[in-house]
Amino acid sequence: MISEEKFQEELQLLIENSIREDVGPGDYSSLACIPETASGKAKLLVKENGIIAGVAFAKMVFQYVDPRLIVETFIEDGAAVVKGDVVFHVSGSSQSILKSERVVLNAMQRMSAIATKTKKFAALLEGTNTKILDTRKTTPGFRACEKWAVKIGGGENHRFALYDMIMLKDNHNDFAGGISLAIAKTKVFLAANDLDLKIIVEARNLEEIKEILENDGVYRILIDNFNFEDTKKAVALIGSKCLTESSGNINEETIRNYAECGVNYISSGALTHSVYNMDLSLKAI
């Protein structure tokens, strides 16, 4: 995972671009009918049960738009909420509140949906030694917030992007001339470029598991699209030589079964690419 400093940079870029996209040269609706000196107050209202996420991010947006805005928080990120709950009040310039509104709501609605889904997946893994991971299957330009929401919901982040971990998938291995060649070339590349990155290698079958294990320096093996029985065999073959990760169309019905095969991690793109935004609103009070 990327450093905290880099993560914060990504969030700032996300906020800047979101405000640029939404506000452009000005919020003409507010400028047209609300005096610049007008002050107001609004509440973040929950309209659907779930896990709230994006409170801290909303504060960052308000701070970026107008440092004079004041946020009074009643419910923190990661808490279970029900319809009718009020998460926070924001007060200050009415124009600034309205300028921030859509970016705050868009982010919090999606982040809360992701956190809620992640919480469900994590709950299904309770009592096992398996942790749920996200993937790079995120909304373009919004990855930092979506991965933050996974953490809020009790999951863990996989690599952030293509630059913070080596992941040799089937296409890499095939284009490189085979698994062993791909691993060997990767080690040479990392040494030549003075990079200290973990290496994950995907396996499509048990024979590929065996070949991966013939190579040193692999951090984790991705056991992709295996059935339960073959997953158990793969975990037994790998033992303590490296960590294990299952992936491939794993859902609420199957996730517990894969965890009980003994894998360390289960990755799921569904955490971020298959959610419906949670219903929230920002209402003047």
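It should be noted that the structure appears before, not after, this text.
Rules behind the numbers
Residues numbered from 1 in each chain as written. Predicted model: local features only at pLDDT ≥ 70, side-chain atom pairs only at ≥ 80, totals over all residues. Heavy atoms only, no water. Buried < 20%, exposed > 50% of the residue type's maximum accessible area, 1.4 Å probe, protein only. Helix = DSSP H or I, 4+ residues; strand = E, 2+ residues; numbered from the N terminus. Contact = heavy atoms within 4.5 Å. Polar contact = N/O pair within 3.5 Å; in protein donor to acceptor, adjacent residues only side chain to side chain. Pairing = 2+ DSSP bridges. Axes fitted to C-alpha atoms, helices over the stretch in contact; angles between N-to-C directions. Parallel < 35°, antiparallel > 145°, perpendicular 65-115°, else oblique. Left-handed = near helix turned anticlockwise from the far one by under 90°. Nonpolar A, V, L, I, M, F, W, Y, C, P; charged D, E, K, R; others polar.

On to helix H3 (residues 55-65), then. When we look at burial in H3, the residues that qualify are Val55, Phe57, Ala58, Met60, Val61, Phe62 and Val65. Looking at the buried residues of H3, the elements they touch are helix H1 (4-23), strand E3 (70-73), strand E5 (86-93), helix H4 (94-124) and helix H5 (143-152).

Mapped onto the secondary structure, Gln109 falls in helix H4. The exposure class assigned to Gln109 is buried, which follows from its relative accessible area of 12%. A polar contact of 3.1 Å, which involves the side chain of Gln109, links it to the backbone oxygen of Leu280. If near-sequence neighbours (up to four positions away) are discounted, Gln109 is found in contact with Arg102, Asn277, Met278, Asp279 and Leu280.

On to the sheet that holds strand E9 (residues 220-224). Here six strands make up an open sheet; going across it, the order is E6-E11-E10-E9-E8-E7 and the pairing parallel. Looking at which strands have only one partner, the edges of the open sheet turn out to be strand E6 (131-133) and strand E7 (166-168). The sheet shows a mean angle of 25 degrees between the axes of neighbouring strands, direction not considered. The sheet contact formed by E7 and strand E8 (residues 199-203) spans three bridges and is parallel. Within the sheet, the bridge partner assigned to Leu168 lies in E8 and is Val201. Its contacts with the sheet put helix H9 (residues 228-238) on E9 and strand E10 (243-247), and the angle it makes with E9 is roughly 165 degrees.

What follows deals with the packing of H4 against H5. Between H4 and H5, whose axes approach to 8 Å, the crossing angle comes to 40 degrees. Classified by the angle their axes make, H4 and H5 are oblique. Considering only the axes of H4 and H5, their crossing is right-handed. Residue-level contacts link Arg110, Met111, Ile114, Ala115 and Thr118 of H4 to Cys145, Glu146, Trp148, Ala149, Val150 and Ile152 of H5. Residue composition of the contact of H4 with H5, grouped by class: eight nonpolar, one polar and two charged.

Function cannot be read off these values alone, since they describe shape.
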